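A look at the structure
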Amino acid sequence: MQTILAVNCGSSSIKFKLFTIPQLDTLISGQASSVASRGSKPSIKLTVHHEGGRDDHENEEEDENMPYEDVFERIIVLVEEKATRLEQFEKFKADDVIKAVSHRVVHGGTETEPMLISQEHQEGLQKLDDLSDFAPLHNHRAVQVVKFCLKHLPRTYQILCFDTLFHSTLPAHVYTYPITAPKQEPAIPLRKYGAHGLSYAYILRTMSEHLGKEKDRLNLIMCHLGSGASVCMVKDGKSFDTSMGLTPLEGLPGGTRTGSIDPALIFHHTPDASEKVDFNGLPVSKGEMIMNKEGGLQAIAGTSNFGTIAATMRSSSPDPKSHLTPETAKLTYEVFLDRLLNFVGAYLLKLKGDTDAIVFSGGIGEKSADIRRDLAEHIDGVEIDEEVNAKGVDERKGDVVEISKNKVVGGGRKSVRIFVCFTDEEIQTAMMTLDVLQRRNL
């Protein structure tokens, strides 16, 4: 049996799943946290999924300040060790059994399809490294892991699945910025590219199946809300607008990202904003570092945990752990909700009343009944089923749940339907990788 290993590299985390070919059944899943974080010990959680629904769970802590590549190497070793518990394998050597590694890569620039890299074809690596300037906290990590795989898993194909692919359909008037051309030619055109495209592709496919409607007939507003947050408007099954821009900084505030702010603000906040600083071995501008790592929910509330913020907002006393006060929690929550309303409201107008659904996903979108209810209250004719909304979705089942009561409003038209949809970027990259392998007869 051959497999696909799906890898999702964050700035300080690595998610991974091992899938069968061609069924794409999940054999092993897991996540490494606190990776390459100064003063922290990385931890790896891993689950072995047996036939019949039985799961084995593993959890181990690594050495403090363990390098990013070493943590990924440990993941490979653990996958090799634990896969032998599965009924499908007597032995498991990664370079023999893993046919391809699918990599989630945030920024692909002008690429319009997944990129294949192998021992014979490594020309795309330099372009990928050049693009790190536009997603410095993510792309660089993906490059590190791709290079590791080329060295230590030389027989496997590396398939790079870009978040930006989904947004390659953006019309010119949406992706164009009103600024003169730069004097020095950049690595890619300076325009809107968007992000979270793998999540949106998964949600679009899932909603098409759930609603029984062809993808190219669907009009959706999808809210991927997590530590990184964005909104995407799909018109006739294609990305028509999205909140993130040239980089993931534009748009909604995130856990530590500012989101859209007055561009001049950073130069008043940090006069030496253009000065280069080190981020885990990668030089980035001080301004970009601050807007990526010292902004967002964390900057206002002192915590990026949205659950803590929402709970403290409803409380009469400060959170004992973070010392967040209810007043500050309420301000943080309202800032996030306000920015979310700005995009959802604009996209409702752009769809001219022909919206099949608003879909919430991501850690906040799936878990926060508050944000779903409070957004819905701003939409004429929408009524939320409070009991269903409170339950949300079951991650283990990959649910799609409608939280609105589908009712008729004025003129006989139906109100906008609102759903919660569990998303899975790893299975999306695995599907894209399987497609590449089959189309190329690999």
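This text goes with the structure placed above it.
Keep in mind that what you see is a predicted model, and the values were worked out from it rather than measured.

1. Quick notes on the sheet that holds strand E7 (residues 115-117)
Spatially, the eight strands line up as an open sheet ordered E5-E4-E3-E2-E1-E6-E8-E7, and their pairing is mixed. Each having just a single partner strand, strand E5 (55-61) and E7 make up the two edges of the open sheet. Sheet twist, expressed as the mean angle between neighbouring strand axes with direction ignored, is 15°. As paired strands, strand E1 (residues 3-9) and strand E6 (residues 98-105) are joined by six bridges and run parallel to one another. Directly across from Ala6, in E6, lies its bridge partner Ser102. Strands in contact with helix H4 (residues 139-152) are E1, E6, E7 and strand E8 (157-162); relative to E6, the strand with the most contacts, it is inclined by about 165°.

2. Quick look at the packing of helix H10 (residues 306-314) against helix H11 (residues 326-350)
Packing of H10 against H11 brings their axes to within 8 Å, and their N-to-C directions diverge by 120°. It follows that H10 is oblique to H11 by the angle criterion. For the element pair H10 and H11, the recorded crossing hand is left-handed. On H11, the residues that touch Phe306, Ile309, Thr312 and Met313 of H10 are Pro326, Ala329, Lys330, Thr332, Tyr333 and Phe336.

3. So, the nonpolar core
Among the nonpolar cores identified, the biggest contains 37 residues, and Leu225, Val231, Leu340, Ile358, Phe360 and Ile371 are the most heavily contacted of them. Of all the secondary structure elements, the ones that give two or more residues to this core are strand E9 (220-225), strand E10 (229-235), helix H9 (296-301), H10, H11, strand E14 (357-361), helix H13 (369-376) and strand E16 (417-421). Once you skip the residues sitting within four places of it in the chain, Val231 turns out to touch Tyr200, Ile221, Met222, Cys223, Asp241, Thr242, Ser243, Leu252, Leu340, Phe343, Val344 and Tyr347. Ranked by size, the runner-up nonpolar core spans 34 residues in total, among them Val7, Phe16, Val48 and Phe148.

4. A look at the pattern of salt bridges
Tallied over the full model, the rule gives 25 salt bridges. Residue Asp163 is joined to Arg104 by a salt bridge in which the shortest nitrogen-to-oxygen separation is 2.7 Å. Here Asp163 is found in the loop between E8 and helix H5 (172-175), whereas its partner Arg104 is found in strand E6, with 59 residues between them in sequence. For Asp163, a relative accessible area of 0% translates into the label buried. Glu402 is paired through a salt bridge with Arg417; the nearest N and O atoms lie 2.8 Å apart. One end of the pair, Glu402, is in strand E15 (residues 400-402); the other, Arg417, is in strand E16, with 15 residues separating them in the sequence. When salt bridges that share partners are traced, they join Arg54, Asp56, Glu58, Lys82 and Arg85 into one network.

5. Brief notes about the state of the cysteines
Scanning the entire structure with this criterion turns up zero disulfides. Its sulfur unpaired, Cys9 is 8.5 Å from the next cysteine sulfur, which belongs to Cys149.

6. A closer look at the environment of Ile98
Of note, Ile98 is situated in strand E6. Residue class for Ile98 comes out buried when judged on its relative accessible area of 2%. Distance in space between the C-alpha atoms of Ile98 and Thr156 is 6.4 Å, their sequence separation being 58 residues. Once residues lying within four places of it in the same chain are set aside, the contact partners of Ile98 are Thr3, Leu5, Leu18, Phe92 and Thr156.

7. Notes on the pairing of E8
Of all six residues that make up E8, five are buried, and the element is covered over most of its length. Relative to E8, E6 runs parallel, the two sharing six bridges. Bridge pairing in E8 places Val105 opposite Phe162.

8. Some details on the packing of aromatic side chains
Summed over the entire model, instances satisfying the criterion amount to six aromatic pairs. On the basis of an interplanar angle of 35° and a centroid distance of 6.4 Å, the ring pair of Phe166 and Tyr200 is categorised as tilted. Here Phe166, found in the loop between E8 and H5, pairs with Tyr200, found in helix H6 (residues 197-211); they are 34 residues apart in sequence, far enough to count as distant. For Phe166, a relative accessible area of 14% translates into the label buried. Pairwise contacts between aromatic rings join Phe306, Tyr333 and Phe336 into one cluster. Across from the ring centre of Tyr175, 3.7 Å away, lies the NZ or CZ of Arg191, which sits over that ring. Directly above the ring of Tyr193 sits Arg191, whose terminal nitrogen or CZ lies 4.7 Å from the centroid.

9. Some points on H13
Of all eight residues that make up H13, seven are buried, and the element is covered over most of its length. Residues of H13 that are buried: Ala369, Asp370, Ile371, Arg372, Asp374, Leu375 and Ala376.

Thresholds, definitions, all that
Residues numbered from 1 in each chain as written. Predicted model: local features only at pLDDT ≥ 70, side-chain atom pairs only at ≥ 80, totals over all residues. Heavy atoms only, no water. Pairing = 2+ DSSP bridges. Helix = DSSP H or I, 4+ residues; strand = E, 2+ residues; numbered from the N terminus. Axes fitted to C-alpha atoms, helices over the stretch in contact; angles between N-to-C directions. Contact = heavy atoms within 4.5 Å. Parallel < 35°, antiparallel > 145°, perpendicular 65-115°, else oblique. Left-handed = near helix turned anticlockwise from the far one by under 90°. Core = buried A, V, L, I, M, F, W, Y, C linked by side-chain atoms within 4.5 Å. Buried < 20%, exposed > 50% of the residue type's maximum accessible area, 1.4 Å probe, protein only. Salt bridge = Lys/Arg side-chain N within 4 Å of Asp/Glu carboxyl O. Disulfide = S-S within 2.5 Å. Phe/Tyr/Trp six-rings, centres within 6.5 Å; stacked < 30°, edge-to-face > 60°. Lys NZ or Arg CZ within 6 Å of the ring centre and 35° of its normal.

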